[in-house]
Amino acid sequence: MSRQCAPRKGLATRRRAAALLTLLLLSGCATGPALENQSAVTAAPGDSKHLTIGSAGFTESDLLAQMYAQLLNQAGYRTSMLTVANRELYEPALESGQIDVVPEYAATFADWLNAKTNGAGAPPAGSPDLDTTMAALRELATPRGLTVLEPGKAVDQNAFAVTGAYAREHHLKTLGDLGRSGLEVRLAAGDECVQRPYCEPGLKKTYGIDITAVDPKGVGTTQAKQAVQSGQDQMVLTTTTDATLDDFGLVLLADDKHLQNADYIVPVVNRSRAGSEGVTKALGRLNDVLTTADLASMNQQVDSWRRLPTDVAKTFLEDKGLLK
């Protein structure tokens, strides 16, 4: 996923965002009601009419935050946007109510909260099963004053791609096919792939794929895709919402044994400020319409066509009948 600048804001909004960011930087170690004040967890869900929507600063997060803001605006809320690329900063801000709503990824966020709560060596909380992942995520989030809303259809998880010609030549549609083929595979990925259980070790253990080397060119970068396109490498680590695969003649191989975790997109809200039925209903309208393919298409419009995330989000919501 590539990073883009946040859309331009009005002066008042920019000033408020700057003030909030300063406050975040000064109080980055703050936690919410969690573990210190259980009464805040059991209090009635709040319904603040002015909500701050957080974005992690890359294209997809910006798009989701824009859709959240536009749906909430239509439901009668005033919204401000704040980009905080570091989860170590925006998650405590979400707990404290400096940020009210963020788009998150279920398994990744579960693992992050688990490490924060139980230490870096804790067994993973996320899993390939969505229900199991959501149960673990909610158990970790609730004591911190956070409410995890329902996930929809869209998922952005690790994925692996080869050239279309390579797939046709070796009759490959799935990672299982690649494992059974016995082919030697040089993998373009981030350098952490050699240790991550969902990357090289998982490909070997779950699928029996013969990974001969990891070429450290990054996750889904242009350089990584070019290395596969040229034949220097045979496979690239990317994501399921990568919109540029066609540009390089690449196709995804299906994760038929479910190695990857359930990174479905979920809104996470501060319960005391945005835990109301109104917020839940407004954001839940995305669940029936937003798909992984939709996200890939919108990412492409921003990354390749240079459209603003706010415009892309608005067009999508209007096309789906979610904005009047």
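Whatever comes next refers back to the structure up there.
Residues numbered from 1 in each chain as written. Predicted model: local features only at pLDDT ≥ 70, side-chain atom pairs only at ≥ 80, totals over all residues. Heavy atoms only, no water.

Quick look at the overall build of the protein now. Check the secondary structure of the protein and you find 14 helices and 10 strands. Here the protein holds 324 residues, and 52% of them are scored as buried. Look at the contacts in the protein between residues 6 or more apart in sequence, and 77% of them connect residues 24 or more apart. When the accessible area of the protein is evaluated, it comes to approximately 14,500 Å², of which 51% is carbon and sulfur surface. (Helix = DSSP H or I, 4+ residues; strand = E, 2+ residues; numbered from the N terminus. Buried < 20%, exposed > 50% of the residue type's maximum accessible area, 1.4 Å probe, protein only. Contact = heavy atoms within 4.5 Å. Areas by Shrake-Rupley, 256 points an atom, 1.4 Å probe, with all protein chains shown as cover.)

This part is about the pairing of strand S8 (residues 235-239). Where burial is concerned, most of S8 is hidden: five out of the five residues are buried. With burial as the criterion, each face of S8 is covered, one bearing Met235, Leu237 and Thr239 and the other bearing Val236 and Thr238. In this structure, strand S5 (residues 158-163) lies alongside S8, joined through four bridges in antiparallel fashion. Across the sheet, residue Phe160 finds its bridge partner in S8, namely Leu237. Where strand S6 (residues 184-189) lies against S8, two bridges are found, and the strand directions are parallel. Within S8, the residue paired with Leu187 across the bridge is Met235. (Pairing = 2+ DSSP bridges.)

Spatially, the five strands line up as an open sheet ordered S7-S6-S8-S5-S9, and their pairing is mixed. Both edges of this open sheet fall to strand S7 (210-216) and strand S9 (250-253), since each of them pairs with a single strand only. Along the sheet, successive strands turn relative to each other by an average axial angle of 40°, direction set aside. For S5 and S9, the ladder comprises four bridges, and the chain directions are antiparallel. In the strand pairing of S9, Ala161 is matched with Leu252. Running over the sheet, helix H9 (residues 200-207) touches S5, S6, S7 and S8 and is turned about 165° from S7. Along the sheet face, helix H10 (residues 222-230) touches S5, S6, S7, S8 and S9 and points at about 145° away from the line of S8. (Axes fitted to C-alpha atoms, helices over the stretch in contact; angles between N-to-C directions.)

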